[in-house]
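What follows is the residue order along each chain.
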Amino acid sequence: MAVKTREASYEERIQIQTLRNLAGWKIEDIAKHPDIQFHKSTVSRICRQPAKSIKIFKRERKRKLTDMQRRELIRLATFNSDFRRKPIQEVARIARINASLRTLRNVLKAAGYNRRIARRKPFLNAAKKYARLHWALEHQHMTIEDWRRVIWTDESYIRIDGRGGRVWVTRTMAEEFHEDCLVPKFQNKNSVMIWGAICGLDGGTSSPVVLWNKKNWGNITSDSYCEHVVLPILHPYWVEQCEKTTPGSWVLVMEDGAAAHRAKKTQAVRERCGIFSLKWVASSPDMNPIEAIWRKIKGRLNKRADRATDIEGVMAQIQEEWNAITAAEVLELVDSMPDRIAALIAAEGGHTKY
């Protein structure tokens, strides 16, 4: 073990012996004195010995990894996306570092690193980043009032079982196919598609939510999108928002680049209705405020003690949670657009926190 030493000076020994022998202090009280920096066992020994300087030994724990090993571990663990996803034990094995999991975690933590859940974001190549940055620069002049005159639309999918991604269970090897250790799989029926729209006018509003009836409507196409969304829901909602603006003002509709949105028939129906669209850029859910509404709804559904596990029940609860979204929540999200644009420019078209 490595050892550090510190000598008790002649003056310190005199002070301790004076407090003990002349003032009658207890050993414990002397050790607690702010000017005394020694343990009570050391104080006791000083009181029994002549007033000469002695060495006080303080043990220091030896570091289990050398500085070179620490630097190599951190370098390798953050080398690229593949290594960032590897378990830290696997990284250590590749680096030929023999240490416990606790030691490895402490090394990363000391350098500011922790194992965390990776955020799910669209893949962005150089071309997509450039397009996103160009779009942000084109729209950076828009004010909060301008963004409030945009209807934000989107579709989302909500799982019937309330789960997504990996699900961990506690089981033995023999219980691999035990019913309680399985996640139910619903063929072609494991999720519900929903469509909705929000707008920042009149303090924040939302459209009726569309719960896609796949059994009767089939997959979403330009025909079904116009029949069940654009004509019965989006157009009336757009007219309602236009009536809240001053004459000559505009209300734009934001739609992403889904095939049903870009189809010629959908474009023709929008033009016939007089709907003008906001220019959009691909792979940019972080620029659409309604995405946060979907996260709120999914989170609230998963927290419900009465969480439904059938299509009809899930649809009913989605409707309840959509109706529970407040005007203040909508307005706060819409009014965040200038900050979102600024964040996108700062990221040079890369990912943002939104």
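What counts, and where the lines are drawn
- Think of each chain on its own: its residues are numbered from 1, step by step along the sequence as written.
- With the structure being a predicted model, the display of local features is reserved for residues of pLDDT at least 70 and the display and counting of side-chain atom pairs for 80 or more, all residues being used for whole-chain, interface and lining totals.
- Only hydrogens and water are set aside when side-chain values are computed; all heavy atoms of the structure are taken into account.
- Here a strand is any run of E in DSSP of at least two residues, a helix any run of H or I of at least four, and the numbering for each starts at the N terminus.
- For this analysis, a polar contact is any N or O atom pair within 3.5 Å, provided that within protein one partner can donate a hydrogen and the other can accept it, and provided that sequence-adjacent residues contribute only side-chain to side-chain pairs.
- Any two residues whose heavy atoms approach within 4.5 Å are treated as being in contact.
- Residue exposure (1.4 Å probe, protein chains only): buried if accessible area is under 20% of the type maximum, exposed if over 50%, otherwise partly exposed.
- It is the directions from the helix axis to the C-beta atoms that the arc portrays.
- For Phe, Tyr and Trp, where Trp contributes only its six-membered ring, two rings pair if their centres lie within 6.5 Å, and the inter-plane angle classes them as stacked under 30 degrees, edge-to-face over 60, or tilted in between.
- Criterion for a charge above a ring: Lys NZ or Arg CZ within 6 Å of the ring centre, and within 35 degrees of the ring normal.
- When DSSP finds two or more bridges between two strands, those strands count as paired.

A short note on the side chain of Arg132
Moving on, step 1. Its place among the elements puts Arg132 in helix 8 (residues 126-139).
Moving on, step 2. Here Ser284 takes part through its side chain, which lies 3.0 Å from a polar atom of the side chain of Arg132.
Moving on, step 3. The contacts of Arg132, once residues within four sequence positions are left out, are Leu124, Val281, Ala282, Ser283, Ser284, Asp286, Leu344, Gly349, Gly350, His351 and Thr352.

Quick look at unusual backbone geometry
Moving on, step 1. If you check the backbone angles, Asp202 has positive phi at about 55° while not being a glycine.
Moving on, step 2. Considering the arrangement of structural elements, one finds Asp202 in the loop between strand 4 (191-199) and strand 5 (205-206).
Moving on, step 3. In the Ramachandran plot, Ser283 falls in the positive-phi region, its phi being about 55° despite a non-glycine side chain.

A closer look at helix 13 (residues 264-273)
Moving on, step 1. What helix 13 keeps buried is the set Thr266, Val269, Arg270 and Cys273. The arc that holds the buried residues of helix 13, viewed along the axis, is 100°, so those residues lie on one side. Of the exposed residues in helix 13, those oriented more than 90 degrees away from the buried face are Lys264, Glu271 and Arg272.
Moving on, step 2. Buried residues belonging to helix 13 abut helix 11 (222-242), helix 12 (259-262) and strand 8 (276-277).
Moving on, step 3. Immediately downstream of helix 13, the backbone of Gly274 shows phi near 80°, a positive value.

A word on the packing of aromatic side chains
Moving on, step 1. The full count for this structure, using the stated rule, is seven aromatic pairs.
Moving on, step 2. An aromatic cluster of at least three residues, connected via ring pairs, comprises Trp135, Trp147, Trp152 and Trp280.
Moving on, step 3. Above the plane of the ring of Phe83 lies Lys86, whose end atom (NZ or CZ) is 5.6 Å from the centre.
Moving on, step 4. For Arg149, the ring lying beneath its charged end belongs to Trp250, and the centroid distance is 4.5 Å.

So, the pairing of strand 3 (residues 150-159)
Moving on, step 1. Strand 3 sits mainly inside the fold: eight of its 10 residues count as buried.
Moving on, step 2. In this sheet, strand 7 (residues 252-254) lies alongside strand 3 in parallel orientation, the contact comprising three bridges. Considered in strand 7, the bridge of Ile151 is made with Val253.
Moving on, step 3. Looking at chain direction, strand 3 and strand 4 are connected through nine bridges and run antiparallel. In the sheet register, Arg159 faces strand 4, and the bridge partner there is Ser191.

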